[in-house]
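Residues per chain are reported as follows:
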Amino acid sequence: MADLIQEEQQVLGIDDKRVHLEGGGGGEKDMSPATGSSIHRSSSRPQLDVSKAEIQSNVEDKYPTILLPNQSDDLSHLALDIGGSLIKLVYFSRHEGQSDDDKRKKTLKERLGLSNGNRRSFPILGGRLHFVKFETRKINECLDFIHSKQLHRGGGLESRYSDSVADQNAIIKATGGGAYKYADLFKERLGVSLDKEDEMDCLVAGANFLLKAIRHEAFTHMEGQKEFVQIDPNDLFPYLLVNVGSGVSMIKVDGDGKFERVSGTNVGGGTYWGLGRLLTKCKSFDELLELSQKGDNSTIDMLVGDIYGGLDYSKIGLSASTIASSFGKTISEKKELENYRPEDISLSLLRMISYNIGQIAYLNALRFKLKRIFFGGFFIRGHAYTMDTISFAVQYWSNGGAQAMFLRHEGFLGALGAFMSYEKHGLDDLMVHQLVERFPMGAPYTGGKIHGPPLGDLNEKASHRNLKYLIYAVKLLKIIGCVLELISWMEKFLQKGTEITAPVPMTPVAGTTGLGGFEVPLSKGSALRSDASALNVGVLHLVPTLEVFPLLADPKLYEPNTIDLADPKELEYWLTILSEHLPDLVDKAVASEGGTDDAKRRGDAFARAFSAHLARLMEEPSAYGKLGLANLLEMREECLREFQFVDAYRSIKQRENEASLAVLPDLFVELDSMDEETRLLTLIEGVLAANIFDWGSRACVDLYHKGTIIEIYRMSRNKMRRPWRVDDFDVFKERMLGTGDKKLPPHRRALLFVDNSGADIVLGMLPLARELLRRGTEVVLVANSLPALNDVTAMELPDIVAEAAKGDL
Ligand SMILES: Nc1ncnc2c1ncn2[C@@H]1O[C@H](COP(=O)(O)OP(=O)(O)O)[C@@H](O)[C@H]1O
Ligand SMILES: CC(C)(COP(=O)(O)O)[C@@H](O)C(=O)NCCC(=O)O
Ligand SMILES: [Mn+2]
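Residues numbered from 1 in each chain as written. Chains lettered and ligands numbered in written order. Predicted model: local features only at pLDDT ≥ 70, side-chain atom pairs only at ≥ 80, totals over all residues.

Please clarify how the overall build of the protein chain should be interpreted in this entry.
Looking only at helices and strands, the protein chain has 24 helices and 23 strands in total. In the protein chain, which comprises 809 residues, the share counted as buried stands at 42%. For the protein chain, the proportion of contacts with a sequence separation of at least 24, taken over those separated by at least 6, is 75%. (Helix = DSSP H or I, 4+ residues; strand = E, 2+ residues; numbered from the N terminus. Buried ≥ 20, exposed ≤ 12 C-beta atoms within 10 Å, placed from the backbone. Contact = placed C-beta atoms within 7 Å.)

Got a minute to help me understand the site of ligand 2 in this structure?
Ligand 2 sits among 13 residues. The nearest are Gly83, Gly245, Ser246, Gly247 and Gly264. The set of elements that each furnish at least two residues to the shell around ligand 2 consists of strand S13 (248–255) and strand S14 (258–265). Of the residues assigned to the shell around ligand 2, the class counts are 1 nonpolar, 11 polar and 1 charged. Each of domain 1 (31–200) and domain 2 (215–300 + 340–406) accounts for three or more of the residues forming the shell around ligand 2. (Near = placed C-beta within 6 Å. Nonpolar A, V, L, I, M, F, W, Y, C, P; charged D, E, K, R; others polar. Domains from an automatic or database assignment.)

How should I be thinking about the nonpolar core in this particular structure?
One broad rule of soluble globular proteins: the nonpolar side chains tend to lie buried together. Core analysis: the largest hydrophobic core is formed by 89 residues, its most contacted members being Val90, Leu241, Val242, Ile373 and Phe374. The biggest single contributor to this core is helix H10 (residues 342–367), with 11 residues. Residue-level mapping places this core at the junction of two domains, with at least three residues from each of domain 1 (31–200) and domain 2 (215–300 + 340–406). Grouped together as the second largest cluster of nonpolar side chains are 29 residues, Ala589, Tyr624, Leu627 and Ala788 included. (Core = buried A, V, L, I, M, F, W, Y, C linked by C-beta atoms within 7 Å.)

Please clarify how the site of ligand 1 should be interpreted in this entry.
Taken together, 20 residues surround ligand 1, and among them Gly83, Gly245, Ser246, Gly269 and Phe378 come closest. For the shell around ligand 1, the secondary structure elements donating two or more residues are helix H7 (269–280) and helix H8 (285–292). Here the shell around ligand 1 takes 4 residues from H7, the largest share from any one element. Among the residues making up the shell around ligand 1, the classes are represented as 7 nonpolar, 10 polar and 3 charged. Taken domain by domain, the makeup of the shell around ligand 1 includes at least three residues from each of domain 1 (31–200) and domain 2 (215–300 + 340–406).

Any chance you could explain helix H15 (residues 568–592) here in plain terms?
Each turn of an α-helix holds 3.6 residues, which means side chains three or four residues apart point in the same direction. With 25 residues, H15 extends 34 Å from end C-alpha to end C-alpha; this agrees with the ideal 36 Å at 1.5 Å per step. Remark: the principal bend of H15, roughly 45 degrees, maps to Leu582, with a proline, Pro583, within the next four residues. Residues Leu578, Leu582, Pro583, Leu585, Val586, Ala589, Val590 and Ser592 constitute the buried set of H15. Gly594 occupies a position one or two residues after H15 and carries a positive phi of about 85 degrees. (Expected span 1.5 Å × (residues − 1). Bend = angle between axes of the 7 residues up to and from the residue.)

How do you make sense of the packing of helix H19 (residues 676–690) against helix H21 (residues 709–719) when you look at a structure like this?
Each pair of packed helices can be described by the angle between their axes along with the distance between the axes. At their nearest, the axes of H19 and H21 sit 8 Å apart, and the two run at 120 degrees to each other. Between H19 and H21, the interaxial angle falls into the category oblique. You can see that H19 and H21 cross each other, and the crossing is right-handed. Contacts from Glu685, Gly686, Ala689 and Ala690 of H19 reach H21 at Tyr713, Ser716 and Arg717. Tallied by class, the residues present in the contact of H19 with H21 amount to 3 nonpolar, 2 polar and 2 charged. (Axes fitted to C-alpha atoms, helices over the stretch in contact; angles between N-to-C directions. Parallel < 35°, antiparallel > 145°, perpendicular 65-115°, else oblique. Left-handed = near helix turned anticlockwise from the far one by under 90°.)

How should I be thinking about the environment of Leu763 in this particular structure?
Tracing the chain through its elements places Leu763 in helix H23 (residues 759–774). Separated by 99 residues in sequence, Leu763 and Leu664 have C-alpha atoms that sit 6.4 Å apart. Ignoring anything within four residues of it in the chain, the contact list for Leu763 reads Ser660, Leu664, Leu667, Gly686, Ala690 and Tyr713.

Sorry if this is basic, but what is going on with the sheet that holds S13 here?
Adjacent strands of a sheet pair through backbone hydrogen bonds, lying either parallel or antiparallel. Across the sheet, which stays open at both edges, the 7 strands sit in the order S11-S10-S18-S17-S12-S13-S14 with mixed pairing between neighbours. Edge positions in the open sheet fall to strand S11 (225–229) and S14, since each of these has one partner strand only. Sheet twist, expressed as the average angle between the axes of neighbouring strands with direction ignored, equals 30 degrees. When strand S10 (residues 218–222) meets strand S18 (residues 403–407), the two strands line up antiparallel, connected through 2 bridges. By the bridge assignment, Ala218 is partnered in S18 with Leu407. (Pairing = 2+ DSSP bridges.)

Explanation requested: the pairing of strand S12 (residues 239–244) in the structure shown.
Working note: regular strand, side chains alternate between the two faces of the sheet. Counting buried positions along S12 yields 6 of 6 residues, so the element is predominantly enclosed. Going residue by residue along S12, you find Tyr239, Leu241 and Asn243 tucked away on one face and Leu240, Val242 and Val244 tucked away on the opposite face as well. Across 6 bridges, the pairing between S12 and S13 is antiparallel. Each bridged residue has a counterpart across the sheet, and for Tyr239 the counterpart in S13 is Val253. Hairpin connection of S12 to S13: 3 residues between the antiparallel strands.

Honestly, the confidence of the model for the protein chain in this entry has me stumped. Any pointers?
Where the model shows low pLDDT, its predicted coordinates should not be examined in detail. When pLDDT is averaged along the protein chain, the result is 75, and 67% of the positions lie at 70 or above. In this model residues 443–536 is a low-confidence stretch, pLDDT under 50, and it forms 178 contacts with partners more than four residues away in sequence or in other chains. Scored as a complex, the prediction yields pTM 0.68 and ipTM 0.97. (pLDDT = per-residue confidence, 0-100.)

How do you make sense of unusual backbone geometry when you look at a structure like this?
Excluding glycine, a negative phi dihedral is what most residues carry, and trans is how most peptide bonds are arranged. Residue Pro238 is bonded to the preceding Phe237 through a cis peptide linkage, with omega at -5 degrees. Examined against the element boundaries, Pro238 turns out to sit in the loop between S11 and S12. The omega torsion of the bond from Arg722 to Pro723 falls at -5 degrees, within 30 degrees of zero and hence cis. Residue position: Pro723 is located in the loop between H21 and helix H22 (729–737). Phi at Glu223 takes a positive value of approximately 45 degrees, unusual for a residue other than glycine.

So what exactly am I meant to see when it comes to the packing of helix H16 (residues 597–619) against helix H17 (residues 629–642) here?
For the pair H16 and H17, the least separation of the axes is 10 Å and the interaxial angle reads 150 degrees. The angle between H16 and H17 falls in the class roughly antiparallel. Between H16 and H17 the crossing geometry is right-handed. Side by side, H16 and H17 meet where Phe606, Ala609, Phe610 and His613 of the first sit next to Met635, Arg636, Cys639 and Leu640 of the second. Grouping the constituent residues of the contact of H16 with H17 by class yields 6 nonpolar, 1 polar and 1 charged.

As structure tokens, this is what we get:
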């Protein structure tokens, strides 16, 4: 067993079977001096330079940092798109723990109670892309934001440069008309120069990047139904990009950097907002959009039926309910503006402009024989009615030949494009799986503390607590997606325990639209959150070391979500499971932090925030993009982490590891008494039997109460009857033991992907690893880098293995 801790032993970190190729040994693909930096290019701007990288390690340091000798602190990380209506910001922040975050790491280390040792570390390289927007007329708020986050100073908050000397040379990439208009203001207020990038170049670069790099970025929206489309990056071009900002640009895109602006219209987002404001006195765009949801446009629009005495004009295919003339009814001399409902005006206007844009887009697609049209720009605003109207126009006029698609990062194309124009960050080289979208889960992660007493006794009956969470969830639901407001709301809520007014999702309205073909979509998917910053666009986490395991039979087909939650029944089932499991999880999380008052408060806040997300998903399954089970579970872990629960199952894992380690020597004796063939079968049966110890499964949790670990393990092992559901044992046996005289050399290296703590790793996987090591095979244990339920993490493995080795005499 001492073999297990020999130098060859490596531990890799994985997130759902995507492997971080990091840590020591041969896994450090991205850091090896030999491979150098694949994203290194010569340019004036610095980037994440991984050439000559090495792991810094000394005996006491369990978390040695990765030294990037060629890495400047000054990562290019902010770009702007200053449009006629809105300023869009895209900025990059490095992952915590990479630079000056050692303090946090120390406390994490202390909290986990980890011992010393000369072990390899698993730092997370990379960073996050954030998306924020401001109204152009409130540019000062934007300047304040940039200043408060020190985004204009190259290295962000952790910048070494503390005064303005370095800033005088700072350059920020900027696009949109405002890059010209406000250049002096930026120089004056922040001391930075705006490096102007062409708006069309940026729109195209942003769209191409998103469509290639983000899974399920594009979707269709027809009659209230959103469907994500997976675009094949090799079959993307040509397409028509329609950016609906203040005005509308239509661009035929033939490749990266290959495009032509073929058309445009001055009837765009600014027209809807401007005319709408004049006609309805609305104070904000969202208010105007919200009004439209309660509108009935048949009081404003002149329908075919109004002209034809209620009849269809079927000869040319027009039904009585088709709009013949937008706003045509308002010619009536008997009525003035105040006699019309603002709701109806807003809907009529929205429909007129959306339909017109859809129609012009189609005509241009026809002109250039383009089948796919992507619509971006903040006019879309993820609004169901807008998207349905555009889709309807495209579909109707093209007879189904062309398809309208929308983008989740709709309004950020230009800003992303400007961001990409920094030559050296190498973002464009990234593969699909290296960007992982994460959503702020509601914790006051800006550094604010959760104040006040825990709300309610955590030992209350589960059902009561479920109900309580549900009520809070409904309240919280009103504000999810609105990060900045959410934080202050959450803090206030926890301080006072009273309801604070928050933006309310709009109620469903159904009615005639005169659109000729479909009704006003229900509020499903159309709820507006009056945020100026967040939409439902998550932060894109850039994880340059996250790779799909290359030795999978077909890595391209790898899909971490084993269950697709697109089926409403499946979704309801899982949301219910997670909801029911919540009180139990909170108890464990609180216990893992010593059951302190602070932990209880955080536990309570976590439960409310997570319930709110569940409720939101129940209402709108695609609120956060395409959803699979793995995403849902990851969301829960993210949420726990945001509420500072570093490892909710820590004490359970410890207990189970100890219990399993205590019986491991007996198991070794039992295994060693067997002949080779029986032992091999018993080992594999053991792997299968031990894997049932999973706290994610209700049935298993019930089982735990019925016996000791070794009893349950033996019972399960004895119950194994071949053939198993997936049974390759005969092939495996032949490879391991050979047939007759034919013996094969041992495997050179085996990667064991390990799952749960306790019996699974100790009684299942380690005996198998030991067997392989005895045969001279190098063994690599591959585990999650971050805790998830009772999963064993890469960081925990060395201690477990060391303990196990003690029992192998
Ligand atoms: N919070 C908001 N304030 C103003 N306009 C908004 C808002 N949200 C969406 N819009 C719509 O988006 C349009 C601006 O879209 P955008 O793509 O940012 O264009 P621009 O680059 O011209 O600012 C506005 O004209 C309006 O129709
Ligand atoms: C001038 C613009 C490129 C500016 O971009 P915006 O701020 O609207 O995003 C755009 O408003 C536009 O394309 N307008 C339409 C002009 C026309 O083709 O008639
Ligand atoms: Mn724009």
